[in-house]
Structure formats: structure tokens, C-alpha cells
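# Results of the structural survey
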Number of protein chains: 2
Amino acid sequence: MKLFEPFTIKGMTLPNRVIVPAMVTRLSGEDGHVNRDVRERYLRFAAGEPGLIVVEAMSVHGGRSGPLLKISGDEFIPGQAEMVRAIHQTSPSRVAAQIIHFLKISRSGWRQTVADLSADDIRTIARQYAESAGRVRRAGYDAVELHMAHAYTLSSLLSLRNRRPDLYGRSLENRMRGPGEVISAVRSEVGEDFPVGIRFNGEECIKDGYTLVDSSRIALRMAEMGADWISISAGGKFEDAIHRKGQPLYPYTGYSGDRCMPSVNYPDGANLYMSSAIKSFLAAHGHGTPVVATGKIRTPDLAESILQRGEADLIGMARAMLADPDWPRKVRDGREDRLVRCVYGNVCKALDENFRKVRCVLWPKGALQAPLSCDDAPPRWVYDDPNLTAVVVEGRVQLKWNHAEDDVAVYGYEIHRSADGEPFDHLTSVKGVFYVDDDVVAGVPYRYQVMAYDTAGNHTRPSNTASVRLT
Amino acid sequence: MKLFEPFTIKGMTLPNRVIVPAMVTRLSGEDGHVNRDVRERYLRFAAGEPGLIVVEAMSVHGGRSGPLLKISGDEFIPGQAEMVRAIHQTSPSRVAAQIIHFLKISRSGWRQTVADLSADDIRTIARQYAESAGRVRRAGYDAVELHMAHAYTLSSLLSLRNRRPDLYGRSLENRMRGPGEVISAVRSEVGEDFPVGIRFNGEECIKDGYTLVDSSRIALRMAEMGADWISISAGGKFEDAIHRKGQPLYPYTGYSGDRCMPSVNYPDGANLYMSSAIKSFLAAHGHGTPVVATGKIRTPDLAESILQRGEADLIGMARAMLADPDWPRKVRDGREDRLVRCVYGNVCKALDENFRKVRCVLWPKGALQAPLSCDDAPPRWVYDDPNLTAVVVEGRVQLKWNHAEDDVAVYGYEIHRSADGEPFDHLTSVKGVFYVDDDVVAGVPYRYQVMAYDTAGNHTRPSNTASVRLT
């Protein structure tokens, strides 16, 4: 598979094309230092041997920001360096740090906007990005990624909603000016030989926001300025965030948040049209800058086909890697049957929105990290009888089945479904032995199978097939 | 061009494949009757000879609703019949009526939702749709279109946000139940031989809304139930509407409203991926039901290519037809050079949002209809000197030029732009002799030309070319 061929970015060779994009963990303390939980989270990813791990956004400007990492001073370097060293000692994965500047928000719902910044403030932000990128390099990271996506300062400068009347707003050139100054300053600081990636939005997904019309041009500018990769995200904006009384605004609570992390209601690869359009636009202008595609890339087949078609160079998988950090290793070793599959139910997203530590709903209760297991014995159906039944109740399908047992622990049950004679596909996973399927229509024959799996991803043999048809 | 080949839907032969989708006009009185302004609006469309005109949504249930048409009783038939007769007497265009049910809204921002309806209420709505469809047929219309899009009752039943616990909500089958009952009732009423089209959303474009995952299945159900065409819209929902104090909620004011009527900030054909995915899905399930594509289909070339690729069967153009109702006739006669081009600035949308009569910003001041003109003499540049200049000011491009003159009246100035050596394309049109282009980036050579045009669409010769490059 092309997915497991090495990929070299300016001297940094990734062992494969799977990327863990930056994901907030809320595991650090308010002090912004790397602590044990943060370290373990990234070491757990490293154990799965993805090509590149992008460590969650760390702030370039310090200030109060809750449990988020900081890189705003040299005092943060030792903790970061220790984590990077530990990853490098145990894994072939490369490690980048994502760096971010954000503006002030308050519990009243008020927020500072880029309209409030002076031109001097913008120059200060560029200097802070540069100094922080320097610290990232000194901490031993292989690369740095500049956060220009979602609701944050540089994204807000790029936004079509940026109507500043001066040289930093309104026209597309002016909207790119601030982020361009950041790129230049960072490059001066880290040197020509250090990989500098950028993550930004292919679409803002808000009223009066920009679309591919602008983002293609923005990506081209980034490529011209020497970006070493361009990672495409979408949405995640303050403008449509839902304000909860007494809580600061959180930019993933509206529709643009849905578009940032497409749920089970979205087709696979829902945002791929953005990265592929941008990849084509860059190519048409003579730039081969690597492009990272993200957004519900659920299956190895889809990941591979994106690379085969040349629609992107690297595959970002956040939630799939949270559910099973061993995804790259398992797929590489031909053990796709052992994957613990993300259900795209966005419980991780909801935890983040509620300012709680981010974990996967599939993990064992209370666990702060995905389980590590050497268990090689798959679970068995109790009495050897899965006894799966499917019954129509009020226009929905109710599934029930028998418990399984495992020498260590049953982790959950995967439900696979075939609609209309098509191949079975992963529908969802649950911890109990009961599920109601709402995604059904009359006249279509549905077939269901259930498999129990343990923490290592060993699956039972499939259950009997339960068939049902609504009338 | 395939665009101008006839197309037959169940015995109704459209003279070509251009459709005027239903567009609210706010021209009727509060009584819901067709008045002179409404009649003139549709006769003006008819003069351009599109294949099918879908007359704006008329309510099946009566009740207070501001200046919107009604078809809730037999008393509305004569006015409708007179308009349809007049269209048929003067134009080969076919005419359909769109019929709608909507729930109550108040100026406080409160709105009734489908959760408030009893199962009896839903059956009543189906009966009202059926009776109204019968009236549509008796009024002499060639077809009826059932409104199941945007923020209204049937769309809200289809919505993924419909969590009714009974047989009309939650599962996809249950969400389709109410709209399905409407289709059955309408068919029983109008008979097998009368064309019944459906318009619904390919995507809701709201938080927790449905996407193509569901809309493909919904379209298939509509096809199975004998829909004679399926017209794909998007968004336009209450859920993200912006409430203005003292005004009832209006469902096109949020992001989903942008997606319903993609502006200048969107790529051409921004919603085509929806209609083409649905067309493919229907074909894969053995249904050739005609699909109507809509959403910023700006150029004859794009319209034709959609048909050539088989991505849709019919091309809906609302705003382009509002700007120039003669679009079909002009393009058919090889007079594309005489088009009055929509600028996709959505002033028409803003008028609707502000509960004002819907007109095009390009029309002469105060006019309630697009001008009709037999003027064959194009405007001339005053002193034969267009004298177009382009100057960079603070990261934007300022354009100025000389006035033109015309024997009747200069209607406006079209600005064409070439970026990066690409062909000239229509950038926008203005009434004055000044424009600031914000959509510019440094390093790209831009060339501009201006042409004045009169109300018939006759253009001056192009101005001199003004070139500029930002640094």
C-alpha cells in the first residue's frame, strides 16, 4: 500500500503517510506544561507508529487559557523535549508541534476579535510565533505546524468576515498579510532546513465565510512562501458557536463544528473535495507542496484510494487514531480485522466542548488512554451462541444479542450491517448487548451481524445473521 | 445545445431544459390572490421562454402569512387560472405551481415545530396538499410541485432534527412517513397522468442536519412513489436563522440561507455535488426520475456541461432569470453577448429577508419587473473613450472609467477580469463608473475591461484593458 510507503518532507522522513492531526486533549494543567497524562497520550499514539504525530496546539503568547499547552517561554522547553525524546526512543514516528495564537474570550459570551488588534499587535503575534517555533526546534521536534485554522487569530485574519479597513483586512491580499508575516518570521527563526507546515480551513462553513474560491488562492500563497505541507481542515468557528450561559464561547458547538469533525451523519471523507481541489490548484500552478486530507477518513481502502488518485499526499486521522492508536501498525501488518473502529459519535468532541478531558467513548470506563494489550485470545460467545435478533418496533430496528466472554475483558460489540444486498459494513460499536437502528427505510432488506472484541481488537467469530425488512 | 432540446415529463413537453424554480416575490397582497404585479412577474418570465416556470409557493392551509399566495380554497382558482391562461397564450413555457404548508411563527422569535403536531394534524396536512393540488390542476397548471425543502413543514418532518418519538419521527422511515402520505394523497387527487414534482434539500446545512447519506434514500423513496421530477435545493432553515427583534424568524438569514442561494463568494454550481450524487444513486437503483440541479449555475457552458455529463436533466436558474428573464431566448438564439448577468450579490435575497418586494438590484430604480426593450442600438462610450484605469490602493484595486451614453438608457456597466493570464470572465456589474475589487492577491497580473449595456442587453465595445499587479 502507498499508505505505508515512507514520505520525505525536507529531510524529515515519515515512515508512512498516516498523520495524527493536532487534537486538543485537555490533559495538561493550567500551567501549560507537559505532564504525565499528556506524555502518555502521545506515547500511546507513537506506539501505533503513524508517520507523523502533530502534538496539540500550544500557545505562543501564554496568558490564561485553561488546561492547554504553552510554548510561550523557554521554561516550557524541557517538558516538551522530554516527551519528544521519549517518542523518538520508542517509535519511528516523526513529531511536530502545532503552535497557536488565540484572542480573549469571557464567560459572558464576549470575545476579542481581530478588529480589536492594532497593526503593532499583529507584528507582535508574528514575533511570538517565530520565537515559539524556535523553541519547538530546540525542544527536538522534527517540525512545526502553524495553526491558521478554525476560530483562532490567524484564521480570523484570513476570514472573509475580516473587514478591517487597513492593510490587514477586507481584500484577499490584506487578509493574507498578517498570516504571511507570521510565515516569514517563523522561517527566519527556524531556518530553511526545518519543516514548517500549515493547517488552515478549506471552507469556513459560516455565513459570509470563505469557500474554495479563496482558500485555493490562500494555499497557493502558502506554497509560494515555502510551506512544507498544507493540512486542510474546515469550520470550527466562533461566529456560529452556541453560547452556554456562564461558559466561554466554544468554537465547535455550531454547524461549523459539525463540518470540522463530520459525524456518523456525514458521508465518509466529507471534506475531501476541499483538499483535492486545493491539491489540483497547487499542481496547476506548479507547486507540489504536500497536502494533508482529513475529515472522517474511516477505512484503509479510502485512505489508500486518496493517495492512489493523487488527491492528497498524507492522510490525517484524528478520531480513528483516538479510538485505536494502533491503527497504522495493524493495517500495515495486514491485521485490519483487529481494528477498534471509531463510531463517529463525537463523544470526544462533546467532552472537549464541555471543557472535560478528551477520551474515547469506546475506552474502558475512567481510562485516560487507549488500552494497551498483548491479549491474543479472542473473546467467545457465551454458550457458543450469539443469538442475534432483529425486530421492527415503530419504524425502527431493535437488535439484541447474547453476551460474549474473554479471558481478559470484552471491550465492546461491533455491529455490521448489509443494506439492500451490499457488503457488510461497520455500522457502530456499543458496550452493551442492545442497539436501536434509526437509519432504516421500508422495503430495503437489512442484515445484521455482531462481533464482540477485546482490548487488543481480537474479534469473536461473527454472530448469526439477523435479517429484517420494514413494511 | 442539449439545453434547448425539448424534454417530456409524463405528457408535458417542456420546450427546453431551463427551469425557473419557485422564487418568493412578496408581490401579492395579504389576501393571497394573484394580483397584477404577480401576474406581470410571471408573464415577464414567460416572455423569455424557459422550459418550465414554477410559480412561487402558495399555501395549502390559508391562515395569516403576509404577502404570499394561497391555494387553500376554490376562491383562489380564478386568479390563478387567468395567469396560467395568459402565460399559455403568449409563451411555449410550461407552468407548474409550487404548494406549501408552513407552521406558525411570531415576532417574539417563537415558532411552532413539527413536534407540536398530532398525527391527526399530519393527516390534515396531507389532505390540504391533495385538495390544493386538485385546485392547481383545475386552474390549468401543467404540473404541481410539492415543497419539501427549506424550513417548512414537510422538510421539518424529513429533518434529522425531527426526534418525534412516534411513527412520524426519529428513524429515517418515520421521518419520510408524513411526506410519503402527502405524496400518496396528492397522487390520488390529481390522477396518474398529472405531473407531480418534488423539491427538497440535498443537505440541510445545519448542525445535526441530514446530508447526502439520508437525502439519497429520501430521493429514492420519492422516485419509488412516482415523483415526476426531483428538484434539489439546500439549507434555508429556521434552526440557524438570525432573530431580529420584533420580526418573525426568517429561514434564509443564517449560513444555511447562504447555502440555499450561493453568493459571489461560492464557486459556480456550488450545490451540484448534491444533485449529481442523487442522480447517480437513483440511476444505480433503476430510476430515471428527472433531477433538477440548481444553485449559482451562472453560464450557458456550465448548464450545458451538466446535461452532457448526465449529472442532471434540467437546469434551475432563479437569480440569473430574475436578472434577465430573456436568458433562455438569448442563449438559444446565439445572443449570449446580450445577457444581463446576475452579480450574485443577493440583494434579492436581502429584500426577501426584510419582507420587501423582491426585485433585482440591476433593474432600473423603482421597477417591479425586469425591463422589456426592443432597443437594437448598443450604447457608445462618451467621446468614444472608455478610459478605464486600475490603481492599487491599500491592497485593493480601484477601477474608474468614463460614462457611456445610449439612445434609450444605459442600464449598467459589466466588469470583466482576467487573472493570471486566464480568459476574461464576468466579475460583476455596477450602475456607476467606479468599483473596488477586493478579491485580489499580490503577484498575480490582473486585467480589466468594462462594457456598458442597455436594458436590452446591447453592450458597447469593450473598453481599453487596464492592467495592474499588487506588490
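Please refer to the structure placed before this passage.
Criteria and thresholds
Residues numbered from 1 in each chain as written. Chains lettered and ligands numbered in written order. Predicted model: local features only at pLDDT ≥ 70, side-chain atom pairs only at ≥ 80, totals over all residues. Heavy atoms only, no water. Buried < 20%, exposed > 50% of the residue type's maximum accessible area, 1.4 Å probe, protein only. Helix = DSSP H or I, 4+ residues; strand = E, 2+ residues; numbered from the N terminus. Pairing = 2+ DSSP bridges. Contact = heavy atoms within 4.5 Å. Buried area = accessible area lost by both parts, 1.4 Å probe. Salt bridge = Lys/Arg side-chain N within 4 Å of Asp/Glu carboxyl O. Polar contact = N/O pair within 3.5 Å; in protein donor to acceptor, adjacent residues only side chain to side chain. Least-squares fit on C-alpha atoms with pLDDT ≥ 70 in both. Axes fitted to C-alpha atoms, helices over the stretch in contact; angles between N-to-C directions. Parallel < 35°, antiparallel > 145°, perpendicular 65-115°, else oblique. Left-handed = near helix turned anticlockwise from the far one by under 90°. Nonpolar A, V, L, I, M, F, W, Y, C, P; charged D, E, K, R; others polar. Expected span 1.5 Å × (residues − 1).

Bringing the pairing of strand β8 (residues 229–234) of chain B into the picture now. Residue and element names in this part refer to chain B. Of all the six residues making up β8, six are buried; the element is thus mostly covered by neighbouring parts of the structure. Here β8 shows two buried faces, one formed by Trp229, Ser231 and Ser233 and the other by Ile230, Ile232 and Ala234. Bridge count between strand β7 (residues 196–203) and β8: six bridges; the pairing is parallel. Following the sheet pairing, Gly197 is matched in β8 by Trp229. Relative to strand β9 (residues 291–293), β8 runs parallel, the two sharing two bridges.

Located in the positive-phi region is A:Tyr383, a residue other than glycine, with phi close to 60°. Structurally, A:Tyr383 is set in the loop between β11 (380–381) and β12 (389–393). In this model, B:Asn387 sits at a positive phi of 45°, which is unusual for a non-glycine residue. Topologically, B:Asn387 is positioned in the loop between β11 (380–381) and β12 (389–393). Look at B:Asn387 and you get partly exposed, because its relative accessible area is 38%.

Across the contact, 45 residues belong to chain B and 45 residues belong to chain A. Buried surface at the junction of chain B and chain A, both sides included, amounts to about 3,400 Å², of which 49% is carbon and sulfur. Of all residues in chain B, B:Lys207, B:Tyr255 and B:Asn265 bury the most surface against chain A, accounting for 17% of the area lost on that side. Linking chain B with chain A are four salt bridges, by the criterion used here. Its salt-bridge partner being A:Asp420, residue B:Arg217 comes within 3.8 Å of it at the nearest N-O pair. The interface formed by chain B and chain A includes 22 residue pairs in polar contact (both at pLDDT 80 or more). Of all elements in the fold, only α5 (172–190), α6 (212–224) and α7 (255–260) of chain B reach the threshold of two or more residues within the side of chain B that touches chain A. Of all the elements, α5(B) adds the most residues to the side of chain B that touches chain A, at five residues.

Mapping chain B onto chain A is achieved by rotating through 180° and translating by 0.0 Å along the same axis, at an RMSD of 0.0 Å. Both copies are brought into coincidence by an operation consistent with a two-fold rotation axis. A symmetric contact is evident, with 100% of the interface residues of chain B recurring at the interface of chain A.

Here we take up the sheet that holds strand β4 (residues 52–59) of chain B. All names here are of chain B. Spatially, eight strands are ordered β3-β4-β5-β6-β7-β8-β9-β10 in a closed barrel, and the strand pairing comes out parallel. Each adjacent strand pair in this sheet contributes to an overall mean axis angle of 30°, direction not counted. Note that strand β6 (residues 143–148) and β7 share five bridges and pair parallel. Paired with Val144 across the bridge in β7 is Val196. Helix α1 (residues 36–47) rests against β3 (18–20) and β4 of the sheet, and its axis sits at about 160° to β4.

Mapping A:Thr455 onto the fold places it in the loop between β18 (446–454) and β19 (466–468). Within the local environment of A:Thr455, its side chain forms a polar contact with the side chain of A:Ser373, the two groups lying 3.5 Å apart.

The next thing to look at is the packing of helix α1 (residues 36–47) of chain A against helix α2 (residues 77–90) of chain A. All names here are of chain A. Where α1 meets α2, the closest approach of the two axes is 10 Å, and the angle between their N-to-C directions is 25°. By the angle between their axes, α1 is roughly parallel relative to α2. Classified by chirality, the crossing of α2 by α1 is right-handed. Note on element contacts: α2 touches α1 through Glu82, Met83, Ala86, Ile87 and Thr90, opposite Val38, Arg39, Tyr42, Leu43 and Ala46. In terms of residue class, the contact of α1 with α2 is made up of seven nonpolar, one polar and two charged.

Bringing the pattern of salt bridges into the picture now. All names here are of chain B. Per the stated rule, a full pass over the model turns up 84 salt bridges over all chains. The partner of Arg44 in a salt bridge is Asp326, and the shortest N-O contact between them spans 2.8 Å. With Arg44 in helix α1 and Asp326 in the loop between α10 (319–323) and α11 (327–332), this residue pair connects regions lying 282 residues apart in the sequence. Residue Asp326 is classed as buried on the basis of its relative accessible area, which comes to 8%. With a shortest N-O distance of 3.0 Å, Asp74 and Arg135 are connected by a salt bridge.

Moving on: the packing of helix α3 (residues 119–138) of chain A against helix α5 (residues 172–190) of chain A. Residues and elements named next belong to chain A. It is the contact of α3 with α5, at a shortest axis distance of 8 Å, that shows an interaxial angle of 35°. In the packing of α3 onto α5, the handedness of the crossing is right-handed. When α3 is examined against α5, the residues Ile122, Arg123, Ala126, Tyr129, Ala130, Ala133, Gly134 and Arg137 are found in contact with a partner set consisting of Gly178, Glu181, Val182, Ala185, Val186, Glu189 and Val190. Considering only residue class, the contact of α3 with α5 consists of nine nonpolar, two polar and four charged.

Once that is clear, we can look at helix α8 (residues 272–284) of chain B. Residues and elements named next belong to chain B. Over its 13 residues, α8 runs 18 Å from end to end, which matches the ideal 18 Å to within 8%, given 1.5 Å per residue. Where α8 is concerned, the buried positions are Leu272, Met274, Ser275, Ser276, Ile278, Lys279 and Leu282. Residues of α8 that are buried sit in contact with β7, α6, β8, α7, β9 and α9 (300–308).

Residue and element names in this part refer to chain B. Reading across the sheet, the four strands line up as β16-β15-β18-β19 and stay open at both edges, with antiparallel pairing between neighbours. Edge positions in the sheet fall to β16 (425–430) and β19 (466–468), since each has one partner strand and no second. Here the strands of the sheet are splayed against their neighbours by 30° on average, with no regard to which way each runs. Both strand β15 (residues 410–419) and β16 contribute to a ladder of five bridges, which runs antiparallel. Residue Ile415 lies in a different strand from β16, and its bridge partner there is Thr428.

What follows covers the environment of A:Asp385. By the secondary structure assignment, A:Asp385 is in the loop between β11 and β12. Sequence separation between A:Asp385 and A:Ile99 is 286 residues, and the spatial gap between their C-alpha atoms is 52 Å.

Residue and element names in this part refer to chain B. With 13 residues, α6 extends 18 Å from end C-alpha to end C-alpha; this agrees with the ideal 18 Å at 1.5 Å per step. Within α6, eleven of the 13 residues are buried, which leaves it mostly tucked inside the rest of the structure. Regarding α6, the residues found buried are Leu212, Asp214, Ser215, Ser216, Arg217, Ile218, Ala219, Leu220, Arg221, Met222 and Ala223. In this structure, the buried residues of α6 make contact with β6, α4 (153–158), α5, β7, β8 and α8.

This part takes up the pairing of strand β18 (residues 446–454) of chain B. Remember that side chains alternate between the two faces of the sheet whenever the strand is regular. All names here are of chain B. Burial analysis of β18 places eight of its nine residues in the buried class, which makes it a mostly covered element. Across nine bridges, β15 lies against β18 in antiparallel orientation. Each residue of the ladder has a partner; that of Gly412, found in β18, is Tyr453.

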